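Commentary on secondary and tertiary structure
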Amino acid sequence: MKLITQIAEMHEFVDACRTKKETVGLVPTMGFLHQGHISLMERAIRENDKTIVTIFVNPLQFAEGEDLSSYPRDLEQDTSQCEATGVDLLFTPSPEEMYSQPILTAVHIDSMTSNMEGASRPTHFSGVATVVAKLFNIAGPCSAYFGEKDWQQLQIITKMAHDLSFRVNVYGCPTVRHSDGLALSSRNAYLTPEERTSATVLSRSLQKASETVQAGETTASAIRAQIDDQIATEPLVELDYVEIVEGNTLNSIDQISQGSRILVAAKIGKARLIDNVDPYCGIT
Ligand code: PAF
């Protein structure tokens, strides 16, 4: 596996791939890799001739007072995991390499960024879209893989790639979970053992909601109330939102149907965790 930090080296690598007519898979991450990231890499490796993983804790997507400085990092362990998985190139740029000061350009996506995570973190998605647009430009035509755990992010990136005509196929990959249902997240590292146990209420409430929908209750307000009530039974969990939306546009809906998505976010100790489900599939 090649390890690089410079954008020019990325260009060299992808130019060589294109000369050899090799397809490129791109897995953008912020590191502290877990099995969820590995599943993205495995799919990229299966579907492409060459796979690039990027690790960059993107300052633009953290607001003042968020966990930029404490965001978990372990480059040595991440490098071994990428190598063991069969990644061809690991790109770990510095903030200075990615952003020459002053930064005057940003990507903004309307409406889809204002609810849910966007309501709690108003500058977050512009930061995500800007860095992902840069990575798409640096990598050029490729297939890019993102986890469905960050459902709103996945829909926003998909829309951005389409709106800005990037030659990138954006693929969402299923959330990877612990055996008790908790979605894998680098931020789970912040949880104490007691908080870790309480955190399972997110996936448990989404699963129960899915069962209720499949039993015939499709009124969004009733399902939201059921999830609210279940999460309220866990005193360590401070609910931020439960939203029921049309899965691709992220517009709020009153009646649940095929294509709907239920999303939750909660603060548990130092961690802010998110999860979501297709109510007709349930937590898998
Ligand atoms: O999901 C993430 O890890 C990040 O938001 C991403 C897509 C790598 C952009 O920094």
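Residues numbered from 1 in each chain as written. Predicted model: local features only at pLDDT ≥ 70, side-chain atom pairs only at ≥ 80, totals over all residues. Heavy atoms only, no water.

Next up on the list: the side chain of threonine 79. Here threonine 79 shows up in helix α3 (residues 75-85). On the basis of relative accessible area, threonine 79 is assigned to the buried category, the value being 15%. Apart from residues no more than four positions distant in its own chain, threonine 79 is found in contact with Met1, Leu3 and Leu90. (Helix = DSSP H or I, 4+ residues; strand = E, 2+ residues; numbered from the N terminus. Buried < 20%, exposed > 50% of the residue type's maximum accessible area, 1.4 Å probe, protein only. Contact = heavy atoms within 4.5 Å.)

So, on to the site of the ligand. Surrounding the ligand, one finds Pro28, Thr29, Met30, Asn58, Gln61, Val131, Phe146 and Gln153. Contacts to the ligand include glutamine 61, whose side-chain N or O atom sits 2.6 Å from an oxygen atom. Take glutamine 153: an N or O atom from its side chain is 2.7 Å from an oxygen atom of the ligand. Isolated, the ligand exposes 290 Å² of accessible area, and the fraction of that covered by the protein chains is 88%. (Near = heavy atom within 4 Å. Polar contact = N/O pair within 3.5 Å; in protein donor to acceptor, adjacent residues only side chain to side chain. Areas by Shrake-Rupley, 256 points an atom, 1.4 Å probe, with all protein chains shown as cover.)

We now examine helix α2 (residues 35-47). With 13 residues, α2 extends 18 Å between its outermost C-alpha atoms, agreeing within 8% with the 18 Å of an ideal straight helix rising 1.5 Å per residue. Residues of α2 that are buried: Gly36, His37, Ile38, Leu40, Met41, Arg43 and Ala44. (Expected span 1.5 Å × (residues − 1).)

Right, let's talk about the packing of aromatic side chains for a bit. Going through the model one piece at a time under the given rule, you end up with 5 aromatic pairs. For the ring pair phenylalanine 56 and tyrosine 99, a centre distance of 6.0 Å and an interplane angle of 50° mean the geometry is tilted. Of the two residues, phenylalanine 56 sits in the loop between β3 (50-55) and α3 while tyrosine 99 sits in the loop between α4 (95-98) and α5 (117-120), which places them 43 residues apart along the sequence. Tyrosine 99 shares its class with phenylalanine 56; the two are buried. Measuring from ring centre to ring centre gives 5.5 Å for phenylalanine 136 and phenylalanine 166, while their planes differ by 75°; the resulting arrangement is edge-to-face. Of the two residues, phenylalanine 136 sits in helix α6 (residues 124-139) while phenylalanine 166 sits in the loop between α7 (151-163) and β6 (168-173), which places them 30 residues apart along the sequence. The same class applies to phenylalanine 136 as to phenylalanine 166, namely buried. Three or more aromatic residues link up through ring pairs in this structure, and these residues are Phe136, Phe146 and Phe166. (Phe/Tyr/Trp six-rings, centres within 6.5 Å; stacked < 30°, edge-to-face > 60°.)

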